[in-house]
Amino acid sequence: MDEVTGAQLIAESLKTQRVEYMFGIVGVPVIEVAMAAQAAGIKYVGMRNEQAACYAASTIGYLTGRPGACLVVSGPGLIHALGGMANANMNCWPVVVIGGSSDRNQETAGAFQEFPQVEACRLYSKFSARPSSLEAIPAVIEKAVRTSIYGRPGACYVDIAGDMVNAKVDRSKVRVVSCCSPPPISLAEHSAITEALAVLKAAKRPLVIIGKGAAYGRAETALKLFVETSGLPFLPTPMGKGVLPDDHPNCVAAARSRALLQADVVLLLGARLNWILHFGLPPRFDPDVRIIQIDLCPEEMGNNVRPAVALLGDISAIVTQLLECARKDGWKYPSDTEWWSTLKEKVAANTKISKALALQSALPMNYYTVFHHISQLLPHDCIIVSEGANTMDIGRTMLNNYLPRHRLDAGTFGTMGVGLGFAIAAAAVERSENKGRRIVCVEGDSAFGFSGMEVETMCRYNLPIVIIVVNNNGIYSGVDPETWKEMAKMGDLATMQVNDHNT
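In this report, the structure presented in the accompanying data block is examined. Computed from a predicted structure; not experimentally measured.

Comments concerning the state of the cysteines
- The tally for this structure, following the rule as stated, stands at zero disulfides.
- C179 takes part in no disulfide bond, and the closest cysteine sulfur, belonging to C180, lies 4.8 Å away.
- Taking relative accessible area as the criterion, C179 reaches 28% and is therefore assigned partly exposed.
- You can see C459 has no disulfide; the closest cysteine sulfur is in C441, sitting 13 Å from it.

Some points on the pairing of strand β11 (residues 265-269)
- A large share of β11 lies buried, amounting to five of its five residues.
- Here β11 shows two buried faces, one formed by V265, L267 and L269 and the other by V266 and L268.
- As paired elements, strand β9 (residues 206-210) and β11 share five bridges and run parallel to each other. Its bridge partner lying in β11, I209 is registered against L268.
- Pairing of β11 with strand β12 (residues 290-295) involves five bridges; the strand directions are parallel. Paired with V265 across the two strands is R290, which belongs to β12.

Some words on the environment of I475
- Its location among the elements puts I475 in the loop between β17 (465-470) and α19 (481-489).
- Accessibility expressed as a relative area gives 49% for I475, which makes it partly exposed.
- For the pair I475 and A447, spaced 28 residues apart in sequence, the C-alpha to C-alpha distance is 8.6 Å.

Details of helix α13 (residues 338-358)
- A rise of 1.5 Å per residue sets the reference length of α13, with its 21 residues, at 30 Å; its end C-alpha atoms lie 30 Å apart and thus fit the reference within 8%.
- Of the positions making up α13, those classed as buried are W339, W340, T342, L343, S354 and A358. Buried residues in α13, looked at end-on, bunch into an arc of 155°, giving them a common side. In α13, the exposed positions that point more than 90 degrees away from the buried face belong to E338, E345, K352, I353 and K355.
- For α13, the secondary structure elements touched by its buried residues are β9, α11 (256-262), α14 (367-377) and α15 (390-398).

Observations concerning the sheet that holds β17
- Ordered in space as β15-β14-β16-β17, the four strands form an open sheet in which the pairing is parallel. Each edge of the open sheet is held by one strand with a lone partner, namely β15 (407-408) and β17.
- Bridge count between strand β14 (residues 383-387) and strand β16 (residues 439-444): five bridges; the pairing is parallel. Within β16, the position partnered with E387 by the bridge is E443.
- Sheet strands touched by α15: β14, β15, β16 and β17. Its angle to β14, the strand with the most contacts, is close to 140°.

What to know about the packing of α14 against α15
- Between α14 and α15, the least distance of the axes is 10 Å, while the angle of their chain directions is 50°. It follows from the interaxial angle that α14 and α15 lie oblique. For the pair α14 and α15, the sense of crossing is right-handed. On α15, the residues touching Y367, Y368, F371, H372 and S375 of α14 are N390, T391, I394, G395 and M398.

Considerations on the sheet that holds β12
- Sheet architecture is open: five strands sit in the order β10-β9-β11-β12-β13, paired in parallel fashion. Only two strands of the sheet have a single neighbouring strand rather than two, namely β10 (234-236) and β13 (309-312). Each neighbouring strand pair of the sheet contributes to a mean axis angle of 15°, computed without reference to strand direction.
- Of the pairings in the sheet, the one linking β12 to β13 comprises four bridges and is parallel in character. Considered in β13, the bridge of Q293 is made with A310.
- Against the sheet, helix α8 (residues 190-202) makes contact with β11, β12 and β13, and its axis sits at roughly 135° relative to β13, the strand it touches most.

Rules and cut-offs
Residues numbered from 1 in each chain as written. Predicted model: local features only at pLDDT ≥ 70, side-chain atom pairs only at ≥ 80, totals over all residues. Heavy atoms only, no water. Disulfide = S-S within 2.5 Å. Buried < 20%, exposed > 50% of the residue type's maximum accessible area, 1.4 Å probe, protein only. Helix = DSSP H or I, 4+ residues; strand = E, 2+ residues; numbered from the N terminus. Pairing = 2+ DSSP bridges. Expected span 1.5 Å × (residues − 1). Arc of directions from axis to C-beta. Contact = heavy atoms within 4.5 Å. Axes fitted to C-alpha atoms, helices over the stretch in contact; angles between N-to-C directions. Parallel < 35°, antiparallel > 145°, perpendicular 65-115°, else oblique. Left-handed = near helix turned anticlockwise from the far one by under 90°.

What follows is the structure, encoded as structure tokens:
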């Protein structure tokens, strides 16, 4: 009789589904799951906090297209991971969380770390379930992985009762479940493609906005051909940077506000009209702007602004459809228009202002000076992890990205504390692929403090990460050391109000 444990079934099922990385913190009842994962060939990275572990696992999903696994203990361990699950869902990154839970025969009896985990995770995930038996584990794992990457990607949760981890079953009773197929690729209707091109051709001030959905969708090759064939100006969202290089001649990121305000037609590629893009509404957008929206999620169509044309499907495939239609039509947006002149003038003016700020020699240094010197030392192919308030916002304009999926930041959820977990995941991928890339983590001092102990994880695994902390002694502007000393003389700092203004 060939018996297999629950832990082995979990590990083997994850490996069958091409899950290659696991991040977590071991403890009762999941220790054996981590050991089985390593035995199955899955790379396990032990973290210092479950939240950072979940951030790392979701980053694997974004960088590779296959979810990372996050392994957590019951109760508090899972609750710590909920922040990472919520962040993954908001960013649309696939991740599978495996959580140990109390033994089945102790449910409702006040078991150690007992908590309604399946119910709790439903709010933070696309799928949340507990296998009903050892035999059901492979099918539930397959569904979790498949659900995490199909449609709009996101978090999925699998709950494992403690008494199932070391329980055994005859392998012959376990149904073999093969690896799920890649997500189906859907195309937009031909009539909608034709209509979209007609709207673009009629535009006087067109603009392409490239979101991180285009990065996740591996649309960089098709987008480069489309932008260069059509001659359209483009603007990346924060994590859309690098899908096309920031130094591309059609990039108008330095004229972002002007481009958004005056564009009469926007081709929206894998980006949402949420707070990052000011909801697509005045006063940051023209009230009559026409949106051509490309997204794989039908529920996203029309959020905040009704699109003139909705193109539903795979971004890379739809951009290829647009490219073929433009080539067949022979259309290209002229390079000598007033719109291009306006954008180029604004790019030049804003670049000049940034350069003047960067060359200031006053102490303490301003952000522009800091990032100017950092940018001169960064390798062309490095992965930049950026986190903080001013550190992230100003760094986005000063630190260029030239390759897709080479910028990781607070994202759609605006989450602080993600940086070190993101960097660890990127370094784990780099170690496997061995491309010689450096991971550079540029952190504000406050942001660094959220997950600073993960530095020990980096050192323990000898990961190729450089951390740069931009320290202004506080959140936003902070205070200088002398002011802090004077405040301390005035009484209890915990009861003192500080007038702190954004810089």
